[in-house]
Amino acid sequence: MSYLPDNLPPPEPGLDDTVFWQNLAGRRLAFQACGDCGRVRHPPTPLCPACRSTAQDWVEAPERARLFTFTVVHYAAHESVRPILPYNVAVVEFPELEGVRLVTNVVGAEAESLRIGMTLELVWEPFREGWLPRFRPLETSR
C-alpha cells in the first residue's frame, strides 16, 4: 500500500530533473554530479554551482540516510490526502554526499517516534507506473 494516495497528482518533471524521475521509475535513486569537479547536487541544475560546468554525471545514493528535519501535516493541501491525515513530510540527508538532501516521507514509524538525526534506510514504494523512494527507521526494519 502506498504511503500517499494513488490519486495524488504526480510530479511534472522539467528539463533539468527528467533523468532523476526516469531513474526513480527504474528503482534507482541517483543524484546529479558535476562531470568536472564531482560536486553532487539536488535538485538537478543545468550548471554546477561550484565550478559552473555543464558536464553532468549521475551517482547512486547510499541506502542509508539521516533524518534532517520533518513536519507532520494535519491539514489537507490537496483533497486526495484528506483521508490519510496526519502524514509526515521529511527531509533526509546523505552524509556521504555532502549537502544533498531529499524531500520524502518516513514510513513504518509513528510521528511521535521520529527524531532528528535518526538513521533511515531506503525502501521503494510503487506509485502508478513507477517507484518512489521512501525511508524507514533502521532500528525497526526487518
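Above: the structure in question.
A brief report on the enclosed structure follows. Note that the structure is predicted; figures quoted are calculated from it, not measured.

### Observations concerning the overall build of the chain
Part 1 of the argument: Secondary structure summary: the chain contains 1 helix and 8 strands in total.
Part 2 of the argument: N-terminal to C-terminal, the α/β element order of the chain is α-β-β-β-β-β-β-β-β.
Part 3 of the argument: Whereas a compact globule of 142 residues would reach a radius of gyration of roughly 14 Å, the chain reaches 16 Å, a difference of no more than 12%.
Part 4 of the argument: Taking the principal axes of the C-alpha coordinates as reference, the chain spans close to 45 × 30 × 25 Å.
Part 5 of the argument: Residue pairs in contact within the chain that sit at least 24 positions apart in sequence constitute 55% of those at least 6 positions apart.
Part 6 of the argument: When the accessible area of the chain is evaluated, it comes to approximately 8,400 Å², of which 52% is carbon and sulfur surface.
Part 7 of the argument: If the 14 positive side-chain charges of the chain are averaged to one point and the 18 negative ones to another, these points end up 3 Å apart.

### Quick notes on the packing of aromatic side chains
Part 1 of the argument: Overall, the coordinates contain 4 aromatic pairs when judged by the stated rule.
Part 2 of the argument: When the centroid spacing of 6.1 Å and the interplanar angle of 65° are considered together, the rings of Phe94 and Phe135 count as edge-to-face. Residue Phe94 is found in the loop between strand S5 (87–93) and strand S6 (101–104), and its partner Phe135 is found in strand S8 (residues 130–137); the two are separated by 41 residues along the sequence. The pair formed by Phe94 and Phe135 is uniform in burial state, with each residue classed as buried.
Part 3 of the argument: In textbook terms, an aromatic cluster arises when at least three aromatic residues are bridged by ring pairs, as seen for Phe20, Trp21, Phe31, Phe94 and Phe135.
Part 4 of the argument: Over the aromatic face of Trp131 sits the side chain of Arg27, whose NZ or CZ is 4.4 Å from the ring centroid.
Part 5 of the argument: Here Arg101 stacks its cationic end above the ring of Phe68, 3.6 Å away from the centre of that ring.

### Quick word on the layout of surface pockets
If you roll a probe as big as a water molecule over the atoms, it shows you where there is empty space left.
Part 1 of the argument: Its boundaries defined by the atoms lining it, the largest pocket holds a volume of some 470 Å³.
Part 2 of the argument: Forming the walls of the largest pocket are 23 residues, and the residues nearest its centre are Pro11, Trp21, Val103, Leu132 and Arg134.
Part 3 of the argument: Breaking the lining of the largest pocket down by element, the ones donating at least two residues are helix H1 (18–25), S5, S6 and S8.
Part 4 of the argument: Broken down by element, the residue count for the lining of the largest pocket peaks at 4 residues, all from S6.

### A short note on the pattern of salt bridges
Part 1 of the argument: Inspection of the entire model under this criterion finds 6 salt bridges.
Part 2 of the argument: Note that Glu93 and Arg66 form a salt bridge whose closest N and O atoms lie 3.1 Å from each other. With Glu93 in strand S5 and Arg66 in strand S4 (residues 64–73), the pair connects residues that are 27 residues apart, well separated along the chain.
Part 3 of the argument: Look at Glu93 and you get buried, because its relative accessible area is 17%.
Part 4 of the argument: According to the relative accessible area criterion, Arg66 is partly exposed, its value standing at 32%.
Part 5 of the argument: For Glu93, the salt bridge is made with Arg101, and the minimal N-O distance between the two is 3.6 Å.
Part 6 of the argument: A network of salt bridges, in which partner residues are shared, links Arg66, Glu93 and Arg101.

Parameters at a glance
- Residues numbered from 1 in each chain as written.
- Predicted model: local features only at pLDDT ≥ 70, side-chain atom pairs only at ≥ 80, totals over all residues.
- Heavy atoms only, no water.
- Helix = DSSP H or I, 4+ residues; strand = E, 2+ residues; numbered from the N terminus.
- Rg over C-alpha atoms; globule rule 2.2 N^0.38 Å.
- Contact = heavy atoms within 4.5 Å.
- Areas by Shrake-Rupley, 256 points an atom, 1.4 Å probe, with all protein chains shown as cover.
- Lys, Arg positive; Asp, Glu negative; His and termini not counted.
- Charge placed at Lys NZ, Arg CZ, Asp CG, Glu CD.
- Phe/Tyr/Trp six-rings, centres within 6.5 Å; stacked < 30°, edge-to-face > 60°.
- Buried < 20%, exposed > 50% of the residue type's maximum accessible area, 1.4 Å probe, protein only.
- Lys NZ or Arg CZ within 6 Å of the ring centre and 35° of its normal.
- 1 Å grid on protein atoms, 1.4 Å probe; cavity = no way out; pocket = protein on both sides within 12 Å on 5 of 7 lines; lining within 4 Å.
- Points joined across faces, edges and corners; volume = space filled by probe spheres on them.
- Salt bridge = Lys/Arg side-chain N within 4 Å of Asp/Glu carboxyl O.

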